[in-house]
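Below, each chain spelled out in residue letters.
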Amino acid sequence: HVSDDGQSASATVRDESYQTVWCVAWRDRRQQFFPAREGYDECQIDRSGRWLVIKEGDGDNRIVDLQTDDETTITNADGAVGHSDCGDGVMIGEDDQHEPGAMVEWTLATPHERKLLFQRQTWDNPGLGHVSVRNDLVLVSAASRSEAPGLNELLLVRRDGSRLVRRLAP
């Protein structure tokens, strides 16, 4: 993952046996290494380059402020997101614990405040799938063998909280 200005990046470091050992963040010509904890999945830097999100444990999100080194964890029970992407100071993804197929936005500076952007109607549907954030829009793609409404489509969701969804393509 790379910030919008190209000055910050994050990556996963693996050893010769392909075991994850570190998440590394590069910001302001400084490298910071974060040991991979149990259940490590990935790390993402936000578009501003200030915030690092580390997905680990039982679906938890560890949020690191690379400017101050402060860390906060959102647990899976609190609605940590799985498939996600980071915008400028925000993380958007699926909260599969509270509403069916819910897409939520977390402000990384105040990570225990979330905004619901979209949700499916029932728990029967698979999750949201992949998420890509660009400015005020979120692209969602969910491929599945299921024929449930909203699956196997590209959806465009507005970040303004209106919960408006536009179906772009099957």
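Residues numbered from 1 in each chain as written. Predicted model: local features only at pLDDT ≥ 70, side-chain atom pairs only at ≥ 80, totals over all residues. Heavy atoms only, no water.

K.L.:
Help me understand the overall build of the chain in this model?
P.N.:
For the chain, the count of helices and strands is zero helices and 15 strands. What you see for the chain is a C-alpha radius of gyration of 16 Å, in line with the 15 Å of a compact globule of 170 residues. Taken along its principal axes, the extent of the C-alpha atoms in the chain is 45 × 35 × 30 Å. Among the 170 residues that make up the chain, the fraction classed as buried is 44%. For the chain, the proportion of contacts with a sequence separation of at least 24, taken over those separated by at least 6, is 33%. Element-wise, carbon and sulfur atoms account for 45% of the exposed surface of the chain, whose accessible area totals about 9,100 Å². Averaged over its 19 positive side-chain charges, the chain has a centre that lies 5 Å from the centre of its 30 negative ones. (Helix = DSSP H or I, 4+ residues; strand = E, 2+ residues; numbered from the N terminus. Rg over C-alpha atoms; globule rule 2.2 N^0.38 Å. Buried < 20%, exposed > 50% of the residue type's maximum accessible area, 1.4 Å probe, protein only. Contact = heavy atoms within 4.5 Å. Areas by Shrake-Rupley, 256 points an atom, 1.4 Å probe, with all protein chains shown as cover. Lys, Arg positive; Asp, Glu negative; His and termini not counted. Charge placed at Lys NZ, Arg CZ, Asp CG, Glu CD.)

K.L.:
What is the right way to look at the pattern of salt bridges in this model?
P.N.:
Charged atoms that come close allow side chains of opposite charge to pair. Under the defined criterion, the tally for this structure stands at 13 salt bridges. One salt bridge connects glutamate 42 with lysine 55, and the closest N-O pair in it is separated by 3.6 Å. Of this pair, glutamate 42 sits in strand 4 (residues 42-45) while lysine 55 sits in strand 5 (residues 51-56), and the two are 13 residues apart along the sequence. Given a relative accessible area of 24%, glutamate 42 falls into the partly exposed group. Here arginine 114 and aspartate 95 are joined by a salt bridge, their closest N and O atoms 3.1 Å apart. Of this pair, arginine 114 sits in strand 11 (residues 114-118) while aspartate 95 is found in strand 9 (residues 90-95), placing the two residues 19 residues apart along the sequence. Assessed through its relative accessible area of 31%, arginine 114 is described here as partly exposed. Residue aspartate 95 is classed as buried on the basis of its relative accessible area of 0%. Overlapping salt bridges bring together Arg37, Glu56, Arg62 and Glu71 as one network. (Salt bridge = Lys/Arg side-chain N within 4 Å of Asp/Glu carboxyl O.)

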